[in-house]
Amino acid sequence: MRPSQAGATELPNLDAILPRLNDQMRDDDIWGEVADYIPELARIDPRQFAIAVVLADGTLHSAGDADTPFSVQSVTKVFTLAIALGRIGDQLWTRVGREPSGRAFNSIVQLEQEQGRPRNPFINAGAIVTTDAVLGNRQPREALAEIVQFVRTAAGTDDIHINNKVAASETTFGHRNFALAHFLASCDNLTNRPEMTLGTYFHHCALEMTTVQLAMAGRFLVDAPGLPRLVTPRRIRRLNALMLTCGHYDGSGDFAYRVGIPGKSGVGGGILAIVPGVASIAVWSPGLNRYGNSLKGTEALASLARQMSWSIF
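Keep in mind the model is a prediction, meaning the values are calculated, not measured.

A.B. asks: I'm lost on the overall build of the chain in this one. Help?
C.D. replies: Helices and strands together make up the secondary structure of the chain, namely 13 helices and 8 strands. Computed over C-alpha atoms, the radius of gyration of the chain comes to 18 Å, within 12% of the 20 Å expected from 2.2 N^0.38 for 313 residues, which places it in the range of a compact globule. The 313 residues of the chain split such that 59% are buried. Taking the intrachain contacts of the chain between residues at least 6 apart in sequence as the baseline, contacts between residues at least 24 apart amount to 69%. Of the roughly 12700 Å² that the chain leaves accessible, carbon and sulfur atoms contribute 49%. Of the side chains in the chain, 29 bear a positive and 30 a negative charge, and the two mean positions are spaced by 7 Å.

Written out as structure tokens, the structure reads:
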């Protein structure tokens with residue numbers, strides 16, 4: 001049985017729950033720390049919170065700073081993975097694994113231990129390989145156009161853009177990602193020059209979206225009638241499985257335990273979460289917890305899941 005199918009007509013009132021959640025998140029002054037290793041993100045005020053929920057019937061509910069654009073960062077890895085699987089299919093898994101990392105998202109040690117084959121497509125090394133697969137033999141601008149158009153189609157709006165200042169900031173200060181890319185190249189796990197692949201990677205991570213737009217874009221992963229059919233149902237199940245097991249890096253187990261639904265985080269403070277067959281949820285609060293995931297966003301999702309009885313377990 002899919003989450004909340006039983007008693008689906010008696011769901012609690014989201015228009016009451018979400019404003020109350022917004023108030024609760026703002027009640028204390030513990031916001032976490034912004035990602036200060038990316039200077040453009042270090043300037044963001046952490047005392048912000050937003051949540052948006054799109055139900056399978058298209059009904060939108062939101063609260064807080066839901067119309068404020070933010071850098072979605074690694075949340076875009078879900079979309080690039082969907083595109084990569086569409087382009088090369090299961091060949092991708094010869095280059096990237098599907099196991100939780102158990103280490104930080106930018107670990108060099110793990111990549112060396114595993115001889116240049118990243119543990120999964122959501123840690124940075126795995127996302128760089130996935131981006132390389134999307135890039136193929138094209139110019140970065142062509143691959144980026146495909147990624148941006150995919151996200152816009154999923155969200156149902158053209159008002160989604162790359163923040164070039166954030167991309168430039170990541171390029172200037174992304175030394176560890178350069179190290180990862182060059183190590184991947186030394187293991188013959190990149191088909192393009194590291195600089196080309198990383199240019200594409202930094203730019204798609206610099207996509208800006210509002211929480212409402214992100215929740216709308218996540219609808220294709222809900223897999224319900226009438227929603228965007230951008231990938232096959234079989235691939236949707238696999239994407240959701242990877243989000244659950246790997247979407248929060250070395251905090252994925254804690255997120256699964258506390259929230260109980262698939263989710264993908266980004267160091268910009270956003271999280272996209274999916275209740276299969278029921279809803280797409282986006283939260284944003286820039287302050288991060290010790291795993292590098294949104295502190296308030298995780299708390300809000302855990303509370304929402306409890307109140308709505310949403311869990312895949």
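Next comes the rest of the description.
A.B. asks: Is there a simple way to explain helix 6 (residues 140-155) in this structure?
C.D. replies: It helps to recall that an α-helix has 3.6 residues per turn; residues three or four apart then point in one direction. Taking 1.5 Å as the rise per residue, helix 6 with 16 residues should run 22 Å; its terminal C-alpha atoms sit 22 Å apart, in good agreement. Taken together, the buried positions of helix 6 are occupied by Pro140, Ala143, Leu144, Ile147, Val148, Phe150, Val151, Arg152, Ala154 and Ala155. Its buried side turned inward, helix 6 meets helix 3 (76-88), helix 5 (124-135), strand 4 (161-162), helix 9 (194-205), strand 5 (207-209) and helix 10 (211-217). Trailing helix 6 by a residue or two, glycine 156 shows a phi angle of about 75°, which is positive.

A.B. asks: Explanation requested: the environment of phenylalanine 173 in the structure shown.
C.D. replies: For phenylalanine 173, the location among the structural elements is in helix 7 (residues 164-173). For phenylalanine 173, a relative accessible area of 47% puts it in the partly exposed group. Along the chain, phenylalanine 173 and proline 39 lie 134 residues apart, while their C-alpha atoms are 8.2 Å from each other. Beyond its immediate stretch of four places on either side in the chain, phenylalanine 173 contacts Tyr37 and Pro39.

A.B. asks: What is the right way to look at the state of the cysteines in this model?
C.D. replies: Structurally, a disulfide amounts to a covalent bond that connects the sulfur atoms of two cysteines. Here the structure, examined in full by the defined rule, presents 0 disulfides. The structure places no disulfide on cysteine 205, whose sulfur is separated from the nearest cysteine sulfur, that of cysteine 246, by 17 Å. Of the residues examined, cysteine 205 reaches a relative accessible area of 2% and is grouped as buried.

A.B. asks: Please explain the packing of aromatic side chains as it appears in this structure.
C.D. replies: How two aromatic rings sit relative to each other is given by the distance of their centres and the angle of their planes. Here the structure, examined in full by the defined rule, presents 7 aromatic pairs. Pairing phenylalanine 79 with phenylalanine 220 gives two aromatic rings, centres 5.9 Å apart and planes at 35°, and the pair type is tilted. In this pair, phenylalanine 79 is assigned in helix 3 and phenylalanine 220 in the loop between helix 10 and helix 11 (233-246), connecting sequence segments 141 residues apart. Each member of the pair phenylalanine 79 and phenylalanine 220 is classed as buried. The ring of tryptophan 31 carries the charged tip of lysine 296 above its face, separated from the ring centre by 4.9 Å.

A.B. asks: Looking at this structure, I do not really get the environment of proline 233. What am I missing?
C.D. replies: Residue placement: proline 233 occurs in helix 11. Along the sequence, proline 233 and threonine 130 sit 103 residues apart, while their C-alpha atoms lie 21 Å from each other.

A.B. asks: I'm lost on the packing of helix 1 (residues 14-25) against helix 13 (residues 295-308) in this one. Help?
C.D. replies: Relative to each other, helix 1 and helix 13 sit at 145°, their axes nearing to 11 Å. Between helix 1 and helix 13 lies a crossing whose hand is right-handed. Seen from helix 1, the contacting residues are Leu14, Ile17, Leu18, Arg20, Leu21, Gln24 and Met25; seen from helix 13, they are Lys296, Glu299, Ala300, Ser303, Leu304, Gln307 and Met308. For the contact of helix 1 with helix 13, a count of residues per class yields 8 nonpolar, 3 polar and 3 charged.

Calculation rules
Residues numbered from 1 in each chain as written. Predicted model: local features only at pLDDT ≥ 70, side-chain atom pairs only at ≥ 80, totals over all residues. Heavy atoms only, no water. Helix = DSSP H or I, 4+ residues; strand = E, 2+ residues; numbered from the N terminus. Rg over C-alpha atoms; globule rule 2.2 N^0.38 Å. Buried < 20%, exposed > 50% of the residue type's maximum accessible area, 1.4 Å probe, protein only. Contact = heavy atoms within 4.5 Å. Areas by Shrake-Rupley, 256 points an atom, 1.4 Å probe, with all protein chains shown as cover. Lys, Arg positive; Asp, Glu negative; His and termini not counted. Charge placed at Lys NZ, Arg CZ, Asp CG, Glu CD. Expected span 1.5 Å × (residues − 1). Disulfide = S-S within 2.5 Å. Phe/Tyr/Trp six-rings, centres within 6.5 Å; stacked < 30°, edge-to-face > 60°. Lys NZ or Arg CZ within 6 Å of the ring centre and 35° of its normal. Axes fitted to C-alpha atoms, helices over the stretch in contact; angles between N-to-C directions. Left-handed = near helix turned anticlockwise from the far one by under 90°. Nonpolar A, V, L, I, M, F, W, Y, C, P; charged D, E, K, R; others polar.

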